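Examination of the molecular architecture
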Amino acid sequence: MLALDDARWRELGHAYGDAADVPALLQALTSSTGPKLGYQDEPWFSLWSRLCHQGDVYSASYAAIPHIVHIASVAKGPIDFSFFALPAAVEVARQTGRGTDVSEAYANDYHHAIRLLVENVSLHRNEAWDQSMLLAAAAAQAVAKGHVDVAGALLNLDAAWIAKINNDEFD
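Residues numbered from 1 in each chain as written. Predicted model: local features only at pLDDT ≥ 70, side-chain atom pairs only at ≥ 80, totals over all residues. Heavy atoms only, no water.

A word on the overall build of the protein chain
- Scanning the protein chain from N- to C-terminus turns up eight helices and four strands.
- Listed by position from the N terminus, the elements making up the protein chain come as β-β-α-α-β-β-α-α-α-α-α-α.
- Taking 2.2 N^0.38 as the reference for a compact globule, 171 residues should give roughly 16 Å; the C-alpha atoms of the protein chain span a radius of gyration of 16 Å, in line with that estimate.
- Projected onto its principal axes, the C-alpha coordinates of the protein chain cover approximately 55 × 35 × 30 Å.
- Every one of the 171 residues in the protein chain was classed for burial, and the buried ones make up 43%.
- If you sum the accessible surface of the protein chain, you get close to 9,000 Å²; carbon and sulfur atoms cover 51% of it.
- If the 11 positive side-chain charges of the protein chain are averaged to one point and the 21 negative ones to another, these points end up 4 Å apart. (Helix = DSSP H or I, 4+ residues; strand = E, 2+ residues; numbered from the N terminus. Rg over C-alpha atoms; globule rule 2.2 N^0.38 Å. Buried < 20%, exposed > 50% of the residue type's maximum accessible area, 1.4 Å probe, protein only. Areas by Shrake-Rupley, 256 points an atom, 1.4 Å probe, with all protein chains shown as cover. Lys, Arg positive; Asp, Glu negative; His and termini not counted. Charge placed at Lys NZ, Arg CZ, Asp CG, Glu CD.)

Printed below as a string of structure tokens:
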């Protein structure tokens, strides 16, 4: 895993340029693991906007995901659904051609982190989950098991789509 103090973060890119700011966001995440109150809460707002901007991913996305997965694995108590949703969204984007290839330097750590999502979901299984967490956890498990199409569908479900499915409202 790329150390947070490694100068190579400056060589990686995200939606707004070089990724020199990502280590500080990841460091902030270690002390802010609980569920966020709104979509603009930090550091998640900045992590999402930099690492999975409008469905596109970047070289820094692949270096950051192992950190996010690790932070979730050691977090005590309820965690934010983005610990599952962001890695799942990055993998869906990668596999559907919405980003750069994973550099060989980060590939092993990245792919290992994606596989660990199943274990992370299990670690947090006894916590209360709202619908967002349930869908994110299911999407994380789907990408970890290679079901990218299912993960993409789960990440796009919302209350309106669920109601349509449950009421057979397809025109």
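Brief notes about the packing of aromatic side chains
- Under the definition given, this model contains three aromatic pairs.
- With centroids separated by 4.9 Å and ring planes inclined at 90°, the aromatic side chains of Trp44 and Phe83 adopt a geometry described as edge-to-face. Of this pair, Trp44 sits in helix α2 (residues 44–51) while Phe83 sits in helix α4 (residues 82–95), placing them 39 residues apart in sequence. The exposure classification of Trp44 matches that of Phe83, with both residues buried.
- Plain terms: the ring middles of Tyr62 and Tyr110 are 5.1 Å apart, the flat faces sit at 75° to each other, and that makes the pair edge-to-face. Placement of Tyr62 in helix α3 (residues 59–74) and of Tyr110 in helix α5 (residues 104–123) is noted, with a sequence separation of 48 residues between them. (Phe/Tyr/Trp six-rings, centres within 6.5 Å; stacked < 30°, edge-to-face > 60°.)

Brief notes about the packing of α4 against α5
- For the pair α4 and α5, interaxial distance at closest approach is 11 Å and the crossing angle is 140°. Judged on the interaxial angle alone, α5 and α4 are oblique. The element α4 and its partner α5 pack so that their crossing is left-handed. Counted together, Phe83, Phe84, Pro87, Val90, Glu91 and Arg94 of α4 and Tyr110, His111, Ile114, Leu117, Asn120 and Val121 of α5 form the full contact between these two elements.
- Along the lines of polarity and charge, the residues of the contact of α4 with α5 split into eight nonpolar, two polar and two charged. (Axes fitted to C-alpha atoms, helices over the stretch in contact; angles between N-to-C directions. Parallel < 35°, antiparallel > 145°, perpendicular 65-115°, else oblique. Left-handed = near helix turned anticlockwise from the far one by under 90°. Contact = heavy atoms within 4.5 Å. Nonpolar A, V, L, I, M, F, W, Y, C, P; charged D, E, K, R; others polar.)

Quick notes on unusual backbone geometry
- Of the consecutive residues Glu42 and Pro43, the connecting peptide bond is found in the cis state with omega at 5°.
- Inspection of the secondary structure puts Pro43 in the loop between α1 (22–29) and α2.
- Positive phi is not limited to glycine here, since Gln54 has a value of about 50°.
- Relative to the assigned elements, Gln54 resides in the loop between β3 (52–53) and β4 (56–57).

Examining α4
- Counted at 1.5 Å a residue, the expected span for α4 with its 14 residues is 20 Å, and the 19 Å between its end C-alpha atoms agrees.
- Of all the 14 residues making up α4, 12 are buried; the element is thus mostly covered by neighbouring parts of the structure.
- By the burial criterion, the buried members of α4 are Ser82, Phe83, Phe84, Ala85, Leu86, Pro87, Ala88, Ala89, Val90, Glu91, Val92 and Ala93.
- A positive phi of about 75° marks Gly97, the residue just after α4. (Expected span 1.5 Å × (residues − 1).)

Points about the nonpolar core
- Ranked by internal contacts, the top residues of the largest apolar core, which has 53 residues, are Trp9, Ile65, Ile68, Phe84 and Leu86.
- When residues of this core are traced back to their parent elements, those giving at least two are α1, α2, α3, α4, α5, α6 (131–144) and α7 (148–156).
- Sequence-distant contacts of Phe84, that is, excluding residues within four places in its chain, are made with Ile79, Leu117, Asn120, Val121, His124, Met133, Ala136, Ala137 and Ala140. (Core = buried A, V, L, I, M, F, W, Y, C linked by side-chain atoms within 4.5 Å.)

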